[in-house]
Amino acid sequence: MFFLIDRNVSLSYEEILLHVNHSNFFTDCYIYPDIRSFLLNWIFALVNEKNIALMDSDLSEKEITSNDLKVNRLIKIDHPKKINSVEELVNSIRNSNSEITLFTSGTTGFTRKFTHPLKNLIRKINISDERKNDVWGFAFNPTHVAGVQVFFQAILNQNLLVNVFMESKDFVINAINEYKITNLSSTPTFYRLLLPLDQTFNSVKKITIGGEKSDNYLVSQVVKYFPNARINNVYGSTETGPLFSSQNDEFIVQDKHIGLIKVVEDELYIHKDLFGKTTQLHLIDDFYATGDLVEWIDNEKRRFRFTSRKNELINVGGYKVNPYEVEDELTQHPKIRNVRVFGKPNAVLGNVICCEIELLPDLELKEEEVRFFLNGKIQNFKIPRKITFVEKIDLTRTGKKKIV
Amino acid sequence: MQEKLLIIINSIKRNKFEDPISEINPEQKLREDLNFDSFDLAELTVKIEEEFGVDIFEDGLVNSVNEIYAKL
């Protein structure tokens, strides 16, 4: 029974048992050569209740020293736990008292670490017989909060993970067909890069979108090619762990969360009771200011939608421009595959709106056509004044668009 | 240079669905004669900077084609 397929490498549940039962060493801060070694090291630490930091394999020297990390040291476990069956393995992971340290993805180029008790990270995981046969397209970085969710969801249900993170469109399509992938979880950027498709995928029954702001247009496109899939939008962060989920871009404040969520000057504040023990966060009256801007959809203030990140609004001649709004409009253009909208300092307006556009293969588009397309759809001050066409939009380690 | 500047000015005009102009002369005022608003001026600076590597508004406002020439 396989747990992981990663290109030509695989890892079975039996091999995991062998590793767990025959190892004495692990590394609490591991710069990993491949995902198989990364997962084996992690599982061994979990089974033996050891704390571990999930590190990106490409962290820079500066990021390592500024976070005071001791990497790749071997730690001996004198009497490692012996595990007899896959069920026992799953249970010992599920009940582990390990603490897990994650690093913020650094869309702004600044990495910080946050430590969570395992229980905090797996509180949203569903374990049931129905999920026994799920096959996951692993489309997140395994070291980040969303990838961690997929890892636990898969291993605790004894599922197969097929690694498609940062792989090409054709690779992902082949993987879905070959392994009959049932669950996909990734960022809006991942789905945007996958679309449009020339076939539908009936094997996929659940699609999770998270990590960046999503939009209803994207969801409507995804539904078209994955007709059997239930769409789930999730919200969480490295700082807080997983928090909310919804069927579209609206999130609903559940009864049990009333009083634990508030909105101050459009910014979402989360009470500490919602994300468990943490010592690293700066709290204001027990609330954590997320930096995510939301708007209420109803008067009762029970339904909200994410609009932007607080520090990402661009000031253009005194107007505030939400880059996501402009991106949402542009991605609806039939020739555009992916876009990034950002501000560039400018002597006349303070900032000028710029955008980079990645076109679908073999298509051409002119600057004035883009301007014509946006004209009347968004206000004049939001329209990008510098439009560049690029081969590829750069992605961060977590598969999100880099913020310039 | 004159030709390149004309191309840039006309690209901004096209972007706002105005007719291109056939020539520029030094006396033309950016706002009054070319009908540029502050957003168009920002676009102009970005495009000139891209083409000539000079930020024409860096040390004060520029009002006419002649003043652009002076900066370049």
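Not measured: the values here are computed from a predicted model.

Let's talk about the overall build of chain A
The secondary structure content of chain A amounts to eleven helices and 23 strands. Taken over the C-alpha trace, chain A has a radius of gyration of 22 Å; the compact-globule value for 404 residues is 22 Å, and the two agree within 12%. Counting only residues that meet the buried cut, chain A has 38% of its 404 residues in that class.

Let's talk about the packing of helix α2 (residues 35-47) of chain A against helix α4 (residues 86-94) of chain A
Residues and elements named next belong to chain A. It is the contact of α2 with α4, at a shortest axis distance of 8 Å, that shows an interaxial angle of 75°. Between α2 and α4, the crossing angle belongs to the class labelled roughly perpendicular. Residues I43, L46 and V47 of α2 form the contact with α4, whose own contacting residues are L89, S92 and I93. Looking at the contact of α2 with α4, its residues break down into five nonpolar, one polar and no charged.

Re helix α2 (residues 38-52) of chain B
The terminal C-alpha atoms of α2(B), which comprises 15 residues, lie 21 Å apart, in line with the 21 Å expected from a rise of 1.5 Å per residue. When we look at burial in α2(B), the residues that qualify are F39(B), D40(B), L41(B), A42(B), E43(B), L44(B), T45(B) and I48(B). On its buried face, α2(B) is in contact with β21 (336-346) and β22 (350-359) of chain A together with α1 (2-15) of chain B.

So, the sheet that holds strand β18 (residues 303-309) of chain A
Residues and elements named next belong to chain A. The strand order across the open sheet formed by five strands is β14-β18-β17-β16-β15, and the pairing between neighbours is antiparallel. Either end of the sheet is taken by a strand with one partner, and the two such strands are β14 (250-252) and β15 (261-264). Going across the sheet, the axis of each strand differs from the next one's by a mean of 50°, ignoring polarity. Bridge analysis of β15 against strand β16 (residues 267-271) gives four bridges, and the strand direction is antiparallel. Across the sheet, K262 pairs through a bridge with Y269, a residue of β16.

Here's the deal with the domain arrangement of chain A
One frequently used descriptor of interface size is the decrease in accessible area upon assembly of the parts. Residues and elements named next belong to chain A. Per the domain assignment, the segments making up chain A are domain 1 (2-232), domain 2 (249-310) and domain 3 (313-390). Domain 1 and domain 3 are separated by 34 Å when their C-alpha centres are compared. A class-by-class count of the residues in the side of domain 1 that touches domain 3 yields two nonpolar, one polar and three charged.

A look at unusual backbone geometry
All names here are of chain A. With omega at -10°, the peptide bond leading from L195 into P196 counts as cis. Here P196 is to be found in the loop between α8 (188-194) and β11 (206-210). For N72, which is not glycine, the phi torsion reads 60° and is therefore positive. The topology assignment puts N72 in the loop between α3 (61-66) and β5 (74-76). In this model, D362 sits at a positive phi of 60°, which is unusual for a non-glycine residue. Note that D362 resides in the loop between β22 and α11 (367-374).

Topic: the pairing of strand β12 (residues 230-237) of chain A
Residues and elements named next belong to chain A. With five bridges connecting them, β11 and β12 associate as parallel partners. The residue bridging G210 from the neighbouring strand is V234, located in β12. Of the crossover connections in this fold, the one passing from β11 over helix α9 (residues 216-225) to the parallel β12 is right-handed.

Conventions adopted
- Residue numbers here run from 1 along each chain, matching the order of that chain's written sequence.
- Whichever chain is written first becomes A and whichever ligand is written first becomes 1, with later ones labelled in order.
- In view of the model being predicted, local features appear only for residues whose pLDDT reaches at least 70, and side-chain atom pairs are presented and counted only at 80 or more, with totals across whole chains, interfaces and linings using the full set of residues.
- For the purposes of this entry, the term helix denotes a DSSP run of H or I that reaches at least four residues, the term strand denotes a run of E that reaches at least two, and both are numbered from the N terminus.
- For the radius of gyration, the atoms used are the C-alpha atoms, and the globule rule reads 2.2 Å times the number of residues raised to 0.38.
- A residue is called partly exposed when the number of other C-beta atoms within 10 Å of its own lies between 12 and 20, exposed at 12 or fewer, and buried at 20 or more, with C-beta atoms placed from the backbone.
- Every axis in this analysis is a line fitted to C-alpha atoms, fitted for helices over the stretch in contact. Angles between the N-to-C directions lie between 0 and 180 degrees.
- Throughout, the term roughly parallel applies to angles under 35 degrees, roughly antiparallel to angles over 145, roughly perpendicular to angles from 65 to 115, and oblique to all others.
- The contact rule is simple: place each C-beta atom from the backbone, and if two of them lie within 7 Å, those residues are in contact.
- Under the grouping applied here, Gly and all other residues not named as nonpolar or charged are polar, the nonpolar ones being Ala, Val, Leu, Ile, Met, Phe, Trp, Tyr, Cys and Pro and the charged ones Asp, Glu, Lys and Arg.
- The length a helix should cover is 1.5 Å for every residue beyond the first.
- In this scheme, strands are said to pair when DSSP sees at least two bridges between them.
- Residue ranges for the domains trace back to a domain assignment, done automatically or taken from a database.
- Place the viewer so that the strands point away; then a crossover is right-handed whenever the path from the first strand over the helix to the second strand goes clockwise.

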